[in-house]
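Structural overview for review
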Amino acid sequence: MLHILWLAIATVGGLCAQKADSAFFEAKIRPVLASQCYACHSAKLKAPMGGLVLDTKAGLAAGGVNGQVVVPEKPAESRLLTALRYTDPHLQMPPSGKLADPVAEDFATWIAAGAVDPRTAPAGGETTKALRGMSLDEGRKWWAFQPIKSLTPPPVKDRKWAQGKIDEFILAKLEAGGFAPSAPADKRTLVRRAYIDLVGFKPTYEEVEAFAADVSPEAWPKLIDKLQALQQYGERWGRHWMDVARYGEDNSTAEATNQPYPFAWRYRDWIIEAMNRDVPYDRFVKLQLAADLMPDAPRADWRALGYLGAAPIYHKDQRLSKDVIGGFLADDWDERIDAVTRGLLGMTVACARCHDHKFDPIPTKDYYGLAGVFASTARTERPLFDVEPEVEARYLWVQRRLIDLRYSVNLLTNEASTVVDSDKRVAKWQAEIETLKAEMLGLQAKHPALVKSVERYWTPPEPRGNGPRRRGGFASTEPFMNAVYDAAQYVDGSDAHYTFLVYQPGEARDVPVFRNGNVATPGEIVPRHFLSVLAQGENRFGKGSGRLELAEKIFSDGAPLAARVIVNRVWGWHFGRPLAATASDFGVQGEAPTHPELLTHLAAEFVGHGWSLKWLNREIMTSAAYQQANRPRPEMMKADPTNTLVWRMAPRRMDIESYRDTLLRATGRLDHTQYGPSQDLETAENVRRTVYSRVSRSRLSPLLKHYDFPDPMQSSGGRDLTTTSLQQLFVLNSQFLQDAAAAIAKSVRDVPTESRRMRELYRRLLSRDPSAAELDLALSFLAKGTLEQYAQVLLSTNEEILWP
């Protein structure tokens, strides 16, 4: 094994030493600068943000008002890299959200190699798209905003191949280029593909052979229906949605004002249940935005509010000034705007926080029209059981107030010297805690669970730390859920030495436009409203926070866009590439769909079939396009190497959840227990499905991180696919793989004869029989090696991890 480790180390060294020359700049650096930075940092602008120009060599070298942003050969001193990595809460670029880690590492490599910049363009910058953005009138003509309707595909020559309209749209494009689709995949490949796609693990040998033996013409659609009826379907497709919903169970830091979410797992469980019930997508989303405001939503569905109630937030040290705390609060609102608009509408509205969007028809007023919705929405822990509305409303306010008071008492008790007259403040706050304690104890007889949930906030100050920590660690099984309720949020800066957040239950507020995104420079107050480019008729929210009105607008005025966005995502989850490659950006900077008519048609049919995701899956999977073989064809690899024409099913690696679950299932160790608190992925005792493992925003599991799990701090438009030496080291040396190999070897050890033992090993791990050559090789190996070692070899093969 040592020679393998040395090889891996040498590989890492080779990667670190790669030549970051002009070609590297053109391939890795310039495209990111152009797509993410030039809108605000171009020499074409009268006043580039921060005085920083990035579209010229001279501008990049000069830096901005705060000095150099790139220090050649010194990545640690380069503020541009700090901004990309999001390690400094006050310096994060681009403002629309953190880019993938490999992007930042490309910049680190480039800077470490001397920051080679081959650009020769004179002052005035590179040619970019119009930086003033589209007008609303122009924007209303944009392809993504147009009405949807079922379309008639163009005529095709090969009528026998097409099994439906999807195929006719695909085939028309292929034939227009003089190309043809691939042959159909064999049945054993198809059944493996279906299992991974719909339930997230590979089938057993018996399941493969049963499907292969079914000669009925309805065998394939019956298999799809069977798999979508399994409970494991919700676990698989729920995880897809969690990427979009940036599901996580804590925050990037776990401090007193942004502690972990003990009931986030209940939101995850609700997603899985909703997927299994095939809740219509429009209702599925509405529940996540406003379940508590929907009269027909049972309280169990309020768990969906974890979409907002367990969203990322920033720590707010209340000794800081009103403006600083206000900035952090505005950052929280910004996160909600970004998650909702990119995740549900494919629009980068967060780019309009400081100025009108430089490309898309989104004025700054639209940004702040949405900000008011989230400024009127407070996170909380709500009971799962029914409570009288007036009692619950008061309880939610007291809960939040007790949290803030206990944090403040502990903070000033432990660090009293930092605040003037801290003793007087602590005494005042402690008295208020006692008053609220007495009020809550009055609920003991009727609602003991409510009282128990807030008891920790009136305990004496802790000797260390500055806030009450939930006992028992990350998760809790108390009958509560992380959720939200309508309450206007304000910053109280009346005390020059200490800043409080104030919550007004049942009230809503409109917020002003913050000039250049600065809360210290408020401008015109903007009524809460929907995106103007999509709005039809009355466009002002007046019912509470406006959450429910926003949800309804998304699926009325914004329905064509919302349908296109989710259909595009689902296509990508099936084929590995969406029809529009930038799944979370349908604006000017995004990529146009390769098959726009197909996307429009499929979106219209999806809506017409009640926004049913199970219908959409079946429609896609019964197409001939989906059932194609994945083998490369030389002429097509040359003409369309990225498979934009869908001339085959593109082979790809399974995501980490499917890979791990497949390994556990193949070795007979997978625990199918559903729901409940999350478990640590790194513990050997955790053999449940990966979807039930803890997702930490502060300390993401190394295994998830190594295999391209998305950043749970932001809505994901898709998973980046990387191949690294760390992945290989996991396969070769991890305890998980070694335990898996030992388990499967033990399970077949009693099978008589080595040949039959090896055949059984192949069947359990690869769900097929070995070829004669493979069997000879295996038997030769056993002459020198062990059964466990050969089992690990099979577990480490491409066949095990690749999507067929």
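See above for the structure.
Residues numbered from 1 in each chain as written. Predicted model: local features only at pLDDT ≥ 70, side-chain atom pairs only at ≥ 80, totals over all residues. Heavy atoms only, no water.

**Some points on the overall build of the protein chain**
The cut-off we apply is this: Segments assigned H or I by DSSP are reported as helices when at least four residues long, segments assigned E as strands when at least two residues long, and all are numbered from the N terminus. Just to be clear, the radius of gyration here is over C-alpha atoms, and the globule rule we use is 2.2 Å times residues to the power 0.38. The buried label applies to any residue whose accessible area, calculated with a 1.4 Å probe on protein chains only, is under 20% of its type's maximum; exposed applies above 50%, and partly exposed to all values in between. Where accessible areas are quoted, they stem from the Shrake-Rupley method and a 1.4 Å probe; at the residue level, only the protein chains shown are allowed to cover. The charged-residue count follows a simple rule in which Lys and Arg add positive charge and Asp and Glu add negative charge, with His and chain termini not counted at all. Charge positions are represented by NZ for Lys, CZ for Arg, CG for Asp and CD for Glu.
Scanning the protein chain from terminus to terminus reveals 32 helices and seven strands. The globule rule puts the C-alpha radius of gyration for 804 residues at 28 Å, and the 28 Å found for the protein chain is close to it. For the protein chain, the spread of C-alpha atoms along the three principal axes comes to 85 × 65 × 55 Å. Counting across all 804 residues of the protein chain, residues that qualify as buried make up 56%. Carbon and sulfur atoms provide 55% of the accessible area of the protein chain, an area that totals close to 33200 Å². Charged side chains in the protein chain number 100 positive and 99 negative. The centres of these two groups are separated by 1 Å.

**Focus: unusual backbone geometry**
Cis peptide bonds are those with omega within 30 degrees of zero, and the linkage from M93 to P94 qualifies with -5 degrees. By secondary structure assignment, the location of P94 is in the loop between α4 (79-85) and α5 (101-112). Notably, V646 is not glycine yet its phi reads approximately 60 degrees, a positive angle. Counting through the fold element by element, V646 comes out in the loop between α24 (634-639) and β6 (652-653). The exposure class of V646 is buried, given its relative accessible area of 6%. Here the phi dihedral of S767 falls at roughly 50 degrees; this positive angle occurs in a residue that is not glycine. Its location among the elements puts S767 in the loop between α29 (754-766) and α30 (772-782).

**Things to note about the sheet that holds strand β3 (residues 500-505)**
Note the following rule: Paired strands, as defined in this entry, are two strands with at least two bridges between them according to DSSP. To obtain each axis, a line is fitted to C-alpha atoms, and for helices this fit is confined to the stretch in contact; angles are then taken between N-to-C directions over 0 to 180 degrees.
Taken in spatial order, the three strands make up an open sheet running β1-β2-β3, and their pairing is antiparallel. Two strands bound the open sheet, and with one partner strand each, they are β1 (377-383) and β3. Strand-to-strand twist across the sheet, computed as the mean angle between neighbouring axes with direction ignored, equals 50 degrees. Pairing geometry for strand β2 (residues 480-492) and β3, over six bridges, is antiparallel. Bridge pairing in β3 places Q489 opposite Y503.

**Brief notes about the side chain of D331**
Spelled out, the test is: Note on contacts: a residue pair qualifies if any of its non-hydrogen atoms lie within 4.5 Å across the two residues.
Its location among the elements puts D331 in helix α15 (residues 322-345). Among the residues examined, D331 registers a relative accessible area of 19% and is labelled buried. Apart from the residues lying within four places of it in its own chain, the contact partners of D331 are Y314 and R353.

**Observations regarding the packing of helix α28 (residues 735-748) against α29**
To keep it simple, the criterion reads: Put simply, angles under 35 degrees are roughly parallel, angles over 145 are roughly antiparallel, angles from 65 to 115 are roughly perpendicular, and the rest are oblique. Crossing handedness: left-handed means the near helix sits turned counterclockwise from the far one by under a right angle, and right-handed means the same turn made clockwise. In this classification, the charged set is Asp, Glu, Lys and Arg, the nonpolar set is Ala, Val, Leu, Ile, Met, Phe, Trp, Tyr, Cys and Pro, and all remaining amino acids, among them Gly, are polar.
Running from amino to carboxyl end, α28 crosses α29 at an angle of 130 degrees, the nearest separation of the two axes being 10 Å. Considering their axes alone, α28 and α29 lie oblique with respect to each other. α29 is crossed by α28, and the crossing has right-handed handedness. The residues of α29 that touch α28, namely those facing I744, S747 and V748, are R757, E760, L761, R764 and L765. Here the contact of α28 with α29 is built from residues that sort into four nonpolar, one polar and three charged.

**Observations regarding the packing of aromatic side chains**
For clarity, the threshold we go by: Aromatic rings from Phe, Tyr and Trp, with only the six-membered ring used for Trp, were paired whenever their centres fell within 6.5 Å, and each pair was classed as stacked if the ring planes differed by under 30 degrees, edge-to-face if by over 60, and tilted otherwise.
Going through the model one piece at a time under the given rule, you end up with 30 aromatic pairs. Centre to centre, the rings of W571 and F575 are 4.3 Å apart; their planes meet at 15 degrees, and the pair counts as stacked. One end of the pair is W571 and the other is F575, both in helix α21 (residues 559-575) and four residues apart, which spans about a single turn. With a centroid separation of 5.8 Å and an interplanar angle of 75 degrees, the aromatic rings of Y707 and F730 are classed as edge-to-face. Taken together, the residues Y707 in the loop between α26 (702-706) and α27 (725-733) and F730 in helix α27 connect sequence positions 23 residues apart.

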